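Report on the structure
This is what each chain is made of:
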Amino acid sequence: MRIQQLSELLDYVATCRLEMAQLYSRLHMQADSSRVKLMLEYFKQHELQTAEKLENYIDEAPRKILDTWYKDIVFEDFITLCIKQTMPANMSEDDILELHLELDNKLIGLIEKTALSSASAETKGALDDLVRVEKIQQQRLVHSSIRMDDI
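Every value quoted in this text rests on a predicted model; they were computed, and no experiment measured them. Every chain is numbered independently, its residues counted from 1 as its sequence is written. This being a predicted model, a pLDDT of at least 70 is required before a residue's local features are given, and a value of 80 or more before pairs of side-chain atoms are given or counted; all residues contribute to the totals for chains, interfaces and linings. Heavy atoms from the whole structure form the basis of all side-chain values; hydrogens and water molecules are not counted.

1. Notes on the environment of K135
Note on conventions: DSSP H or I runs of at least 4 residues are helices, E runs of at least 2 residues are strands, and numbering of each starts at the N terminus. Structurally, the position occupied by K135 is in helix α6 (residues 121-148). The criterion used for residue contact is that any of the two residues' heavy atoms lie within 4.5 Å. For K135, the residues in contact, after removing those within four places along its chain, are I108 and E112.

Okay, structure coming up:
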């Protein structure tokens, strides 16, 4: 996927978050373990909320930042990656967490890569802030999923 404007990139990341939610929903139907199902439902809700927050950010961000153009931002087809992802019915909580972190880190990496390619300090700062928020959310999600083990 080739991205030219920051608004396209952020919209694509929001779409990828929704695709992750669909993946977790699909895996939920295939999972044997009730604990894994609980975790997948939690991750699905997290992704839906993250996509909504990102869409709200896009609606509220200054046009001059969203209209920033990029030359060489190329990203793998994340949506196809989610669609093709499979797991066995006996998937574990660790398997799900590992999958989530792999997918989440790809999206965070895309935003980081874009921040590094930003000529404007204002755009770079906005993207760096977004990366910081995404990483904090990731940490909270990991902590919450670890706490689920205590249930």
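2. Examining the nonpolar core
Among buried residues, the Ala, Val, Leu, Ile, Met, Phe, Trp, Tyr and Cys ones that are joined through side-chain atoms within 4.5 Å form a nonpolar core. In this scheme, a residue with accessible area under 20% of its type's maximum is buried, one over 50% is exposed, and one in between is partly exposed, where area comes from a 1.4 Å probe on protein chains only. Grouped together as the largest cluster of nonpolar side chains are 45 residues, with contacts concentrated most on L9, L10, F78 and I96. Those elements that provide at least two residues to this core are α1 (6-30), α2 (34-60), α3 (63-66), β2 (69-74), α4 (78-84), α5 (93-116) and α6. Looking at which element gives the most residues to this core, the answer is α1, with 11 residues. With residues up to four places along the chain from it excluded, the contact list for L9 reads I3, I73, L110, I111 and T114.

3. Topic: the pattern of salt bridges
Salt bridge, as used here: a side-chain nitrogen of Lys or Arg that lies within 4 Å of a carboxyl oxygen of Asp or Glu. Inspection of every chain in the model, using the stated rule, returns 10 salt bridges. Here E122 ties to K64 by a salt bridge, and the two come within 3.1 Å at their closest N and O atoms. Pair noted here: E122 is in helix α6 and K64 is in helix α3, with a separation of 58 residues, a long-range link. Two residues, E76 and K106, come together in a salt bridge whose shortest N-O distance is 3.3 Å. One end of the pair, E76, is in the loop between β2 and α4; the other, K106, is in helix α5, and 30 residues separate them in sequence. For K106, a relative accessible area of 25% gives the class partly exposed. Residues joined by salt bridges that share partners form a network here, namely R17, E47, D104 and E134.

4. A short note on a negative patch on the surface
On the surface, E8, D11, E52, E55, D59 and E60 cluster together into a negatively charged patch. Within the residue set of the negative patch, elements represented by two or more residues are α1 and α2. For the negative patch, the element with the highest residue contribution is α2, accounting for 4 residues. Positionally, E8 belongs in helix α1. Its relative accessible area of 33% is what places E8 among the partly exposed residues. Like charges within 9 Å and nonpolar side chains (Val, Leu, Ile, Met, Phe, Trp, Tyr) within 5 Å are joined into patches, using only residues over 30% in relative accessible area that form no salt bridge. Under the convention used here, a 1.4 Å probe and the Shrake-Rupley method define accessible areas, while residue burial counts only the protein chains that appear. We count Lys and Arg on the positive side and Asp and Glu on the negative side, and we leave His and both chain ends out. Positions of charges follow a simple convention, taking NZ of Lys, CZ of Arg, CG of Asp or CD of Glu.

5. With respect to α2
The terminal C-alpha atoms of α2 lie 39 Å apart, and with 27 residues this matches the ideal 39 Å at 1.5 Å per residue to within 8%. Residues V36, M39, L40, F43, K44, H46, E47, T50, A51, L54 and I58 constitute the buried set of α2. Here the buried face of α2 lies against α1, α3, α5 and α6. The opening residue of α2 is S33, an N-cap whose side-chain oxygen sits 3.2 Å from the backbone nitrogen of R35. Multiplying 1.5 Å by the residue count of a helix minus one yields the expected span of that helix. Two N or O atoms form a polar contact when they lie within 3.5 Å of each other; inside protein one atom must be a possible hydrogen donor and the other a possible acceptor, and for residues adjacent in sequence the pair counts only when both atoms belong to side chains.

6. Structural notes on the packing of aromatic side chains
Only centres within 6.5 Å qualify two rings of Phe, Tyr or Trp (six-membered ring in Trp) as a pair; their planes then separate them into stacked at under 30 degrees, edge-to-face at over 60, and tilted for everything else. Counted according to the given criterion, the structure contains 4 aromatic pairs. Each ring, one from F75 and one from F78, has its centre 6.3 Å from the other, and the planes form 20°; the classification is stacked. Both residues of the pair, F75 and F78, belong to the buried class. Clustering of aromatic rings is evident, with ring pairs tying together Y12, F75 and F78.

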